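# Analysis of the macromolecular model
This is what each chain is made of:
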Amino acid sequence: MAVELQYLAWSVVLGLALLLWAAALVTRQRGVAWNAGNREEPLAPPAGMAGRADRAFRNFLETFPLLAAAAVAVVVAGRTGEGTALGMQLYFWGRVAHAGFYVAGIRYLRSLAWVVSMAGLLLVLWPLLAG
């Protein structure tokens, strides 16, 4: 299996982990009754660590579809190589670091991890654009 698809699968696992992490923290903050309820009443966004975990997950969702499309496209087009493999690794590990730094509230390292993940995405996309 292509390295790009392996890291794509691990990125899906990361997304699921972020979802569960954020859900657990928000439920701990708001309670099980809220989680089991219909959630029809408007509430302020979650605060503290729960809010940061929720935002980290939502930030992941903003970039993951772009990565998934690029990863599948380079594999289908037969344009994989060392650069795309490195790109997938940078994206994945950058997103792991981003989530940890985001939830911990570490601002500048969080931004640096985001830049690393975006550089990875661009490395995956580049062979499709370079012709």
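Numbers given to residues run from 1 along each chain, matching the order in which its sequence is written. Totals for whole chains, interfaces and linings use every residue, but because this is a predicted model, local features are given only for residues with pLDDT of at least 70 and side-chain atom pairs only at 80 or more, for both listing and counting. Heavy atoms throughout the structure, all of them, feed into the side-chain values; hydrogens and water do not.

Here we come to the packing of helix α3 (residues 48-76) against helix α5 (residues 107-129). Orientation is described by lines fitted to C-alpha atoms, with helices fitted over the stretch in contact, and by angles between N-to-C directions that extend from 0 to 180 degrees. Secondary structure elements follow DSSP: runs of H or I of four or more residues count as helices, runs of E of two or more count as strands, with numbering from the N terminus. Packing of α3 against α5 leaves a shortest axis separation of 8 Å and a crossing angle of 25°. With respect to α5, the element α3 is oriented roughly parallel. When the axes of α3 and α5 are compared, the crossing they make is left-handed. Counted together, Asn59, Thr63, Leu66, Leu67, Ala70, Ala71, Ala73 and Val74 of α3 and Trp114, Met118, Leu121, Val124, Leu125 and Leu128 of α5 form the full contact between these two elements. Partitioned by chemical class, the residues of the contact of α3 with α5 number twelve nonpolar, two polar and no charged. To sort the angles, those under 35 degrees are grouped as roughly parallel, those over 145 as roughly antiparallel, those from 65 to 115 as roughly perpendicular, and the leftovers as oblique. Here a crossing is called left-handed whenever its near helix is offset anticlockwise from the far helix by less than a right angle, and right-handed whenever the offset is clockwise. Residue contacts are counted whenever heavy atoms from the two residues lie within 4.5 Å of one another. In the scheme used here, Gly and all other residues not listed as nonpolar or charged are polar, with Ala, Val, Leu, Ile, Met, Phe, Trp, Tyr, Cys and Pro taken as nonpolar and Asp, Glu, Lys and Arg as charged.

Helical periodicity: at 3.6 residues per turn, an α-helix aligns residues three or four positions apart in one direction. Between the first and last C-alpha of helix α1 (residues 3-30) there are 40 Å, a value that for 28 residues agrees with the 40 Å anticipated at 1.5 Å per step. Buried residues of α1: Glu4, Tyr7, Leu8, Ser11, Leu14, Gly15, Leu18, Ala22, Leu25, Val26 and Thr27, and no others. Packing partners of the buried residues in α1 comprise α2 (32-36), α3 and α4 (82-104). Gly31 sits one or two positions beyond α1 and adopts a positive phi of about 100°. Take the residue count of a helix, subtract one, and multiply by 1.5 Å to get its expected span. For every residue, the accessible area obtained with a 1.4 Å probe (protein chains only) is divided by the maximum for its type, and the residue is called buried under 20%, exposed over 50%, and partly exposed between those limits.

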